Amino acid sequence: MKSFTELLQAMPYPGRVVIVGALPGGQQCVLYAITGRSPSSQARRLELDDNAVWTKPTDPETLKRGNPELLVYPAVIFSRGIAASNGRQTVDVDTDSTGSAVAALDAGLGPWTHEPDAPIYTPRITGCVLASGRAALSIIKRGPDGHPVRAFYDLPDRPGRGSMLATYRGDNAEPLAAFEGEPIDIGLEGQTPEETAEAAYAALRPAGRSQDFRVAVVCVYARRDGVEERRLAIINRHERT
């Protein structure tokens, strides 16, 4: 099993990343990272706004060159639990559910398909942690026949470990290839959300890489009995360069 930093270092362009895991002290860890190749994707930041962390433009005119419907969204939403995704589907995940996390994702993601960004058709990746501690991940991809293919994964409770999905396989290639297989089992790093976010941000541009695709990272630590004691850290590239 690799740490999440080792895995990210081996992926020149993962696209967007969702990690859900459990910490040794009984807390939950949710991490969301954005990398982007286009100017419109790069012209964004993450910002805490009440009960959500939103992607927001750093340059509204540059962002308009892309599709704002796909670029501006609540990436992480807090209720009694936590939902995180790479699109506006985040709002439809009911983390107050008392059932299974897979059921919560299945119910919320029913109306959604892959993104309509032909010819890439970026997958929609979504994770959630319920207040009970139950956690799950989902990916919706475009199938060979053009119809969406949906997969849901119930995540085991493994302190110090997590599971990761990305939108792309990791190669900086044309065309971009969608993520393949099941969520990747990873080891978590850091003892605070700041340390975990910094580790992810650094790993997204390992030494020797010619292009820096980093946009932003957010990491949330939260108790299983609700988000009242949640802690989070946000790193925005535009604030560091």
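Summary of the structure given here. (Residues numbered from 1 in each chain as written. Predicted model: local features only at pLDDT ≥ 70, side-chain atom pairs only at ≥ 80, totals over all residues. Heavy atoms only, no water.)

### What about the pairing of strand β13 (residues 214-222)?
So, point 1. β13 sits mainly inside the fold: nine of its nine residues count as buried.
So, point 2. Relative to β13, strand β3 (residues 28-35) runs antiparallel, the two sharing eight bridges. Looking at the pairing, Y32 lines up with V218 of β13.
So, point 3. Pairing analysis gives six bridges linking β13 to strand β14 (residues 231-236), with the strands arranged antiparallel. Residue pairing in the sheet places A216 in a bridge with N236 of β14. (Buried < 20%, exposed > 50% of the residue type's maximum accessible area, 1.4 Å probe, protein only. Helix = DSSP H or I, 4+ residues; strand = E, 2+ residues; numbered from the N terminus. Pairing = 2+ DSSP bridges.)

### Observations concerning the sheet that holds strand β1 (residues 2-3)
So, point 1. Pairing in this open sheet of seven strands is mixed, and the strands run β1-β12-β11-β2-β3-β13-β14 from one edge to the other. Pairing within the sheet leaves two strands with one partner each, and these edge strands are β1 and β14.
So, point 2. Helix-sheet contacts for helix α6 (residues 193-203) involve β3, β13 and β14, and the interaxial angle to β13 is about 150°. (Contact = heavy atoms within 4.5 Å. Axes fitted to C-alpha atoms, helices over the stretch in contact; angles between N-to-C directions.)

### Points about the side chain of R214
So, point 1. Inspection of the secondary structure puts R214 in strand β13.
So, point 2. A polar side-chain atom of R214 sits 3.1 Å from the main-chain carbonyl oxygen of Y201.
So, point 3. At 2.9 Å, the side chain of R214 and the side chain of D212 are in polar contact.
So, point 4. The contacts of R214, once residues within four sequence positions are left out, are I34, T35, Q42, Y201, A202, L204, R205 and R237. (Polar contact = N/O pair within 3.5 Å; in protein donor to acceptor, adjacent residues only side chain to side chain.)

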